[in-house]
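# Breakdown of the fold
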Amino acid sequence: MGVDIQNVLRHLEYLKNMDDGANHRLLYSVAWTQAMNELEGWMKDAGMTIKKDALGNLYGRIEGKRKETILIHSHYDSVENGGCYDGALGVLIGLEVINSLVKDFGKPLFSMEVLAVCDEDGGRFKSSFLGSRAVVGLIEFKEIQALCDSQGLTFNEVRSQSGMEPLTKELLNQCIRKDIRYAFEIHAEQGRKLYNLSIPVGIVERITGQFKLKIAFEGEANHAGTTQMKHRRDALVAASEMVCFAQRLALMTGEDSVATVGVLDVSPGATNIIPQKSTFIADMRSPDDKKLLDMV
């Protein structure tokens, strides 16, 4: 089977250039919509039947002798200014693999699909695995209703701006698939383990669990120049101790456990006012359930 890696790389470069040289494909944004349209065109060129669910997951299907499906999937959204290979590499390699298999061996026994998952990284709504959780029925509609982006827009307000109809509970339920027999994902490693060991490819043996905690500290706003230190209730100072503790906690828990605080909001946000409120989101991960829950 001959997979055209150069074709994959050309497509990756094209998707990157659509975002002015950096990947910034947040869910339902213009760049995200353009990427979906391009992927759909490439799937059609490969002779695939196209299906899009209500959330935005994009499928390209080659019908087999059986209805059960073998799926190759990854995502096509990105975090803000994300890496060129993250997510999109797996979609495009999946497309090339299925295309090559059909060319070399003809109609498959099982139906085969490449799935471009619409929202995996949660860059817009801070809700990880939204697209894939919808496919397996592990997301409730009330969670969708509670989502807001950084501009304060609700999930359906953002959809409306991009010309999409409101998502309902019924439409969300229609995203569930029950005919998938096997699912595979090719993904770019985000760390340096394989590189440091001079190993070109690895097979995942365990899945890392993840928790996100949003924590708010309430203090008292006051003048930064006239309030004595002993009389201050500085919400940012309190939050900063917890941020540092999160890092120490991960180091104490084990080599594969990690913790990151990547979002920190301070109010009122003036240089001469003691912070009254400080809110951060802690991202904690570990492949060991007990260690993860212990951190949380």
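Before reading further, recall that the structure is shown in the block above.
Anyway, here's the lowdown on the structure attached to this text. All values derive from a computational prediction rather than experimental measurement.

Rules behind the numbers
- Residues numbered from 1 in each chain as written.
- Predicted model: local features only at pLDDT ≥ 70, side-chain atom pairs only at ≥ 80, totals over all residues.
- Heavy atoms only, no water.
- Salt bridge = Lys/Arg side-chain N within 4 Å of Asp/Glu carboxyl O.
- Helix = DSSP H or I, 4+ residues; strand = E, 2+ residues; numbered from the N terminus.
- Core = buried A, V, L, I, M, F, W, Y, C linked by side-chain atoms within 4.5 Å.
- Buried < 20%, exposed > 50% of the residue type's maximum accessible area, 1.4 Å probe, protein only.
- Contact = heavy atoms within 4.5 Å.
- Pairing = 2+ DSSP bridges.
- Axes fitted to C-alpha atoms, helices over the stretch in contact; angles between N-to-C directions.
- Parallel < 35°, antiparallel > 145°, perpendicular 65-115°, else oblique.
- Left-handed = near helix turned anticlockwise from the far one by under 90°.
- Nonpolar A, V, L, I, M, F, W, Y, C, P; charged D, E, K, R; others polar.

Scanning the entire structure with this criterion turns up 17 salt bridges. Ionic pairing is found between Lys-44 and Glu-40, a salt bridge with its closest N-O pair at 3.5 Å. Taken together, the residues Lys-44 and Glu-40, both in helix α2 (residues 30-45) and 4 residues apart, mark about one turn of the helix. Between Lys-193 and Asp-256 there is a salt bridge, and its shortest N-O distance comes to 3.3 Å.

Turning next to the nonpolar core. Core analysis: the largest hydrophobic core is formed by 46 residues, its most contacted members being Leu-55, Ile-144 and Phe-155. When residues no more than four places from it in sequence are discounted, the contact partners of Phe-155 are Leu-27, Tyr-28, Leu-55, Phe-125, Leu-130, Ile-144, Leu-147 and Leu-167. Counting residues in hydrophobic clusters, the runner-up holds 7 residues, among them Ala-246, Leu-249, Ala-250 and Ala-259.

The next point concerns the pairing of strand β8 (residues 277-286). The buried fraction of β8 amounts to 7 of the 10 residues, a majority that puts the element mostly inside the structure. Relative to β8, strand β6 (residues 209-218) runs antiparallel, the two being bridged by 10 bridges. Paired with Ile-215 across the strands is Phe-280, a residue of β8.

Take the packing of helix α1 (residues 5-18) against α2 next. Viewed as axis vectors pointing N to C, α1 and α2 meet at an angle of 155°, and their least axial separation amounts to 10 Å. By the angle between their axes, α1 is roughly antiparallel relative to α2. Judged by the sense of rotation from one axis to the other, the crossing of α1 with α2 is right-handed. Residue-level contacts link His-11, Tyr-14, Leu-15 and Met-18 of α1 to Ala-31, Gln-34, Ala-35, Glu-38 and Trp-42 of α2. When grouped by side-chain class, the residues that make up the contact of α1 with α2 number 6 nonpolar, 2 polar and 1 charged.

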